[in-house]
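# Results of the structural survey
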Amino acid sequence: MMLHVGNHNPVGVAGCRVAGYFVLTLLLVALAGCGGSADHGAAGSTQTSSPAALVTDSDQTAAHPDDPLRMAPGVATADIVPRLALIATEEAVRAHPREPRFHFQHGRALAVSGRQSEALEAYQRAADMGYPMAYFKLGLAYATGEGVAMDIAKAREWFERAEAGGVGIAASARNYYVFSTEGFSNPQLFQLIFDGNLRELQADRSDLAGYLVSFMEPFRGTEGCGIMISRGNYSKLVQMGQANVVSMMFRGMADSRSQTRPGDFAGSAQSGFRAGQQFGSDLGALVDQGEADAQLFYDRFDCRSPVADRFFENIDRLAGTF
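All values derive from a computational prediction rather than experimental measurement.

So, about the pattern of salt bridges. By the definition in use, this model includes five salt bridges. Notably, a salt bridge pairs Arg-115 with Glu-118, separated by 2.8 Å at the nearest N-O pair. By relative accessible area, Glu-118 is classed as partly exposed at 33%. Close ionic contact of Glu-217 with Arg-220 constitutes a salt bridge, the shortest N to O distance being 3.6 Å. Of this pair, Glu-217 and Arg-220 both sit in helix 11 (residues 205-220), separated by three residues, roughly a single helical turn. Arg-220 sits in the partly exposed class, given a relative accessible area of 44%. One salt-bridge network, held together by shared partners, links Asp-59, Glu-99 and Arg-101.

This next bit is on the packing of aromatic side chains. Given two aromatic rings, one states the distance between the centres and the angle between the planes to describe the pair. Evaluated as defined, the whole model comprises 24 aromatic pairs. Aromatic pair Phe-136 and Phe-159: ring centres 5.9 Å apart, planes at 50 degrees, arrangement tilted. Highlighted residues: Phe-136 in helix 6 (residues 132-144) and Phe-159 in helix 7 (residues 152-164), separated in sequence by 23 residues. Grouping residues by exposure puts Phe-136 and Phe-159 together as buried. Each ring, one from Phe-184 and one from Phe-190, has its centre 4.1 Å from the other, and the planes form 10 degrees; the classification is stacked. Residue Phe-184 is classed as buried on the basis of its relative accessible area, which comes to 5%.

Take the state of the cysteines next. One pass over the structure, following the stated rule, counts one disulfide. What pairs with Cys-225 in a disulfide is Cys-303, and their sulfur atoms sit 2.0 Å apart. Classification of the bridge connecting Cys-225 and Cys-303 rests on its S-S torsion, roughly -90 degrees, and on that basis the disulfide is left-handed. Note that Cys-225 is positioned in the loop between helix 11 and helix 12 (231-258) and Cys-303 in the loop between helix 13 (265-301) and helix 14 (306-320), a separation of 78 residues in sequence.

A few words on the environment of Arg-70. Counting through the fold element by element, Arg-70 comes out in the loop between helix 2 (57-62) and helix 3 (82-95). Taking the C-alpha atoms as reference, Arg-70 lies 7.7 Å from Arg-101; in sequence the two are 31 residues apart. When residues no more than four places from it in sequence are discounted, the contact partners of Arg-70 are Ala-63, His-64, Pro-65 and Tyr-131. A polar contact is formed between the side chain of Arg-70 and the backbone oxygen of Pro-65, at a distance of 3.2 Å.

So, about the nonpolar core. Judged by nonpolar contacts, the single largest core of 37 residues is most densely connected at Phe-215, Leu-237, Phe-297, Phe-312 and Ile-315. Where this core is concerned, the elements lending two or more residues are helix 9 (187-195), helix 10 (198-201), helix 11, helix 12, helix 13 and helix 14. With eight residues, helix 11 is the single largest residue contributor to this core. The contact partners of Leu-237, leaving out residues within four places of it in the chain, are Ala-209, Leu-212, Val-213, Met-216, Ile-229, Ile-315, Ala-319 and Phe-322. Grouped together as the second largest cluster of nonpolar side chains are 32 residues, Tyr-123, Ala-126, Tyr-142 and Ala-143 included.

Parameters and conventions
Within any chain, residue numbers begin from 1 and follow the written order of that chain's sequence. Owing to the predicted nature of the model, reporting of local features is limited to residues with pLDDT of at least 70; listing and counting of side-chain atom pairs is limited to 80 or more, with chain, interface and lining totals taken over all residues. Just so you know, side-chain values use all the structure's heavy atoms and leave hydrogens and water out. What makes a salt bridge here is a side-chain nitrogen of Lys or Arg within 4 Å of a carboxyl oxygen of Asp or Glu, nothing more. Only protein chains enter the area calculation, which uses a 1.4 Å probe; residues under 20% of their type maximum are buried, those over 50% are exposed, and those in between are partly exposed. By definition, any uninterrupted DSSP run of H or I lasting at least four residues is a helix, any uninterrupted run of E lasting at least two residues is a strand, and each is numbered from the N terminus. Between the rings of Phe, Tyr and Trp (Trp by its six-membered ring), a pair exists once the centres lie within 6.5 Å; its type follows the angle of the planes, with under 30 degrees stacked, over 60 edge-to-face, and the other angles tilted. What counts as a disulfide here is a pair of cysteine sulfur atoms lying within 2.5 Å. Contacts between residues were defined by any pair of non-hydrogen atoms, one from each residue, lying within 4.5 Å. Two N or O atoms form a polar contact when they lie within 3.5 Å of each other; inside protein one atom must be a possible hydrogen donor and the other a possible acceptor, and for residues adjacent in sequence the pair counts only when both atoms belong to side chains. Definition of nonpolar core: a set of buried residues of the types Ala, Val, Leu, Ile, Met, Phe, Trp, Tyr and Cys, connected through side-chain atoms within 4.5 Å.

This is how it looks when you write it as structure tokens:
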């Protein structure tokens, strides 16, 4: 029994060792295979689950064509299908709550569905995450007073942030809604007109009327613009502007007469010639200045924008007091 047991145990132990090695080898292979699969799966999930790398139904139904961070060509507001966009964007936000692009697109879907307050909340979430196109939408909201109290200062801030973030349409929107005196020949005058400060503007009405006629004249021949103020008040400006021209001429003549002695016909003629030259130069400078300011104003604010409407409305009120 002892030998039998002894003979059996070595064979059993050896068999167990062989079996053990075999099982261990299989286990290692299995573990290696699982590890490889796990690694492969992790790499695959990194490549396919990052929301920044996904083109989703949300992108296809609600991306903005001017969004520099869009993942699809984009859909014009008029072409968004509200229900489809809501379903797609809600799903994207639910799956990727930390991706600002989807919050912005959800805001667009909410807006075209008539849910403006919810849209602004979605834009704000996207803006809080640093999404430039959301800055732009908030700028529009504050510029127009849609869903919030109109605040031009806040609109300017949001537009500038959007512009810095690469939103190309932000600059034109800022100019369209936000007034700026930069570049005009008399920035203080333009600010007074825009603010409607009529009391200060009435101090020198004759000279002001002459300038305003030269400023407004180019708009008359521009398609889509025209006179811009009531015809009656425009006539008042023209009449006072003409009076200003006559006044300029007589001032020049008076100055020339004061520079010559009575009976000095040659000197008087020469002085009068110089006065005529000066008058022509002053009048030309006035017209050139008005035309240059008109061109800058049109390029920046057009003639049918919130800024332009307010500016010309105040000119109309001012002309009515002349």
